Amino acid sequence: MLLDYLPVLIMAVFVAFIATMTLFVSSLVRPSRPYPKKNQPYECGVDPIGEASTGRIRIHYFVIAILFIIFDVETLYLFPWAVVLKEIGLFGYIEMFIFIFLLLIGLIYAWVKGALEWES
Amino acid sequence: MPLNIHLLIPELVLLSFIILMVILDFFVRDKRQIGVVGVVGTVVTGLALILVPKKGSALMGLVIQDPAAVFFKFLFLIVALSILYMAILYDERIKHWKGEFYILILFAILGMMFLASAYDFITLFVSLELMAVSLYILATYMKDDTRSIEAGFKYLVTGALASGFLLYGISFLYGYTGYTGFEEVAGALGQGRGGFLTLGLFLVILGLTFKLSSIPFYIWAPDVYEGSPTPVTALIAAGSKTAGFVVAMRLLFTVLGPVKEEWIGLVVFLSGATILLGNLAAMPQKNIKRMLAYAGIGSAGYLLIGIAAASILGAEAMMFYLLTYIFAIIGSFLAIVIFSRVSGSDSIDAYIGLSRRSPLLAATLFIGLLSLAGVPPLGGFIAKFYIFAAAVKEGLIGLAVVGVVMAIVSMYYFLLVVKRMYLIEPEVVEPIELNLLTRATLYGVNIVTILLGIYPGPFTDWLMEVAKDFF
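Quick summary incoming for the structure in this document.

What follows concerns the nonpolar core. Residues and elements named next belong to chain B. Judged by nonpolar contacts, the single largest core of 184 residues is most densely connected at I105, L115 and I326. Looking at this core, the element that brings in the most residues is helix α13 (residues 312-343), giving 21 residues. Dropping the residues within four chain positions of it, I326 is found in contact with L75, I78, V79, A238 and T242.

So, on to the packing of helix α4 (residues 98-117) of chain B against helix α5 (residues 121-139) of chain B. Residues and elements named next belong to chain B. Remark: α4 packs on α5, axes separated minimally by 8 Å, with the N-to-C direction vectors making an angle of 155 degrees. By the angle between their directions, the pair α4 and α5 is classed as roughly antiparallel. Taken as a pair, α4 and α5 cross one another with a handedness that is left-handed. Listed contacts from α5 to L104, I105, F107, A108, L110, G111, M112, F114 and L115 of α4 are T123, L124, S127, L128, L130, M131, S134, L135, I137 and L138. Looking at the contact of α4 with α5 residue by residue, the class counts come to 15 nonpolar, four polar and no charged.

Our next topic: the environment of E316 of chain B. Residues and elements named next belong to chain B. Examined against the element boundaries, E316 turns out to sit in helix α13. A C-alpha to C-alpha distance of 38 Å links E316 and G99, two positions 217 residues apart in sequence. Setting aside residues up to four positions removed in sequence, E316 forms contacts with Y386, T460, L463, M464 and A467.

Before going further, it helps to examine unusual backbone geometry. All names here are of chain B. Going from I215 to P216, the amide bond is cis rather than trans, its omega being 5 degrees. With respect to the helices and strands, P216 occurs in the loop between α8 (195-212) and α9 (221-227). A cis amide bond links P376 with the next residue in sequence, P377, at an omega value of 5 degrees. For P377, the position within the fold is in the loop between α15 (359-373) and α16 (379-393). Here M60, not a glycine, exhibits a phi torsion of approximately 55 degrees, which is positive. Structurally, M60 is set in the loop between β1 (56-58) and β2 (63-65). In the Ramachandran plot, S213 falls in the positive-phi region, its phi being about 50 degrees despite a non-glycine side chain. The topology assignment puts S213 in the loop between α8 and α9. Classification of S213 by C-beta neighbours within 10 Å gives buried; the count is 28.

Definitions and cut-offs
- As a convention, each chain's residues are numbered from 1 in the sequence order in which they are written.
- Each chain takes a letter, starting from A, and each ligand takes a number, starting from 1, following the order in which they are written.
- Reporting of local features is limited, given that this is a predicted model, to residues whose pLDDT is at least 70; pairs of side-chain atoms are given and counted only at 80 or more, and all residues count toward the totals for whole chains, interfaces and linings.
- Think of a nonpolar core as buried Ala, Val, Leu, Ile, Met, Phe, Trp, Tyr and Cys residues chained together by C-beta atoms that fall within 7 Å.
- Exposure classes come from backbone-placed C-beta atoms, where a residue is buried if 20 or more other C-beta atoms lie within 10 Å of its own, exposed if 12 or fewer do, and partly exposed in between.
- Put simply, DSSP H or I for four residues or longer makes a helix, DSSP E for two residues or longer makes a strand, and each gets a number counted from the N terminus.
- Placing a C-beta atom from the backbone of each residue, one calls two residues in contact when those atoms lie within 7 Å.
- All axes here are fitted lines through C-alpha atoms, helices being fitted over the stretch that makes contact, and every angle between N-to-C directions spans 0 to 180 degrees.
- Orientation labels follow simple angle bins: below 35 degrees gives roughly parallel, above 145 gives roughly antiparallel, 65 to 115 gives roughly perpendicular, and whatever is left gives oblique.
- By convention the crossing between two helices is left-handed if the near helix lies anticlockwise of the far one by an angle smaller than a right angle, and right-handed if it lies clockwise.
- Three classes are used: nonpolar for Ala, Val, Leu, Ile, Met, Phe, Trp, Tyr, Cys and Pro, charged for Asp, Glu, Lys and Arg, and polar for all others, with Gly counted as polar.

Right, dumping it as structure tokens:
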């Protein structure tokens, strides 16, 4: 019973091996010339401001992220829906519009309440 | 299996009203009007619930409708009506997002209604979280008040932990049986058993105790009850606990009934320990909401006796107990909300001489608390009587003895409040004015509590029929 999972174990070991070996071998081959600008954390090309380790970040990022997730999930539902649209008929067609309507109410709500304003 | 969407019309009606309230919130200035729309929505949902078929299964077996589910949905709608009314009275003390307060209350109620008919672990978990997340936000609503933030934070952290336990347990049950539907799991359990099944069961029961506020996940209750806005406290006390017991009954009686010897010992232990802890810890409390939190923990223990009995009589006793419990809680909290508007305090000492200032408020609190204590001729007495009868019939004599002794102990701390209200002369004698609607509501709640005590026959006969659905 437990033996059936042996391939999983072998794969895990294999993946770990490949990953560490890649890092190790390339560290032997590549030139190493660090300087301050190169050691900066990458923040989409913008110079970082302050220390991230203080833990103070704008709560607003979460609101934007949650709004993004909602519409991300909506797209995720729309694709399979579009593929099987002919089979599920009018019922599924209307149901998807109800779903989009509910999301739209959510977006309007966030908009009206000022969740999209960047300046408070 | 067909969709049978018509069985869900009451829930869809409630959801439509919630969306209507969200839209109205953009335009309406006096947010109490949104609360009134919510009250209308609750009444319309109740009418839809009367008309909907009382038996069947919908959404391909994800939810079912049976008389027990309908009974609990009516209970939740009664809770919704009274909590919305309390929230309208409480409106002036809410500073931010007044409109959303009513909307979130109804979202929590919607989650509870789905819980009452959940027949699949997925539905169960999603509706449980719909209720829980709404309550987390509501508990933190007074964001200028550190106690409210503390309440919300503790509620969220313990709630997330308990949800983790529940989900982990569900995943073991799923791994063991290969199904998430209650019926399929029940069928698969009949065929054999293993160590992982017991582990899954154990985790599911522990996860549920958070909603029941019984041992081991009771520790949040006193702080959350004290710190939350009072209507939210009432919603957690009346609604969330009832919803927890609906799930517990469906899970333990219907799904895990075939393996009942595996869990009865655990439930008996939890029940006895919870009764002892709740009633003993309630005695030294100085804040009435905190005292009711411990009294609520005690009540959870009594209700667990019904689960430990695992019989039709036990299920019937639990449903009748929840019915009387909800009315007692609604009455007590209505009195607390109205009184705290005048006094601005929830301390028990603030209640000194309330009977001189407003006889009706004092009488409501008196009847509510004594019904919780189980004094004849109030509803709570009959409920406790049925619970103990169910316990004795199943041979749980020790549990029944603990219950009876602790019921007498509970009289002590309830009567401390009564003594302050009736026997001590107040310093302020200025009477408290109540308008006609408030007086009518208070009379209504009191009459129901007394009626359930002196003429319980029709209710108990009907609930006996309903209870058969669980087995």
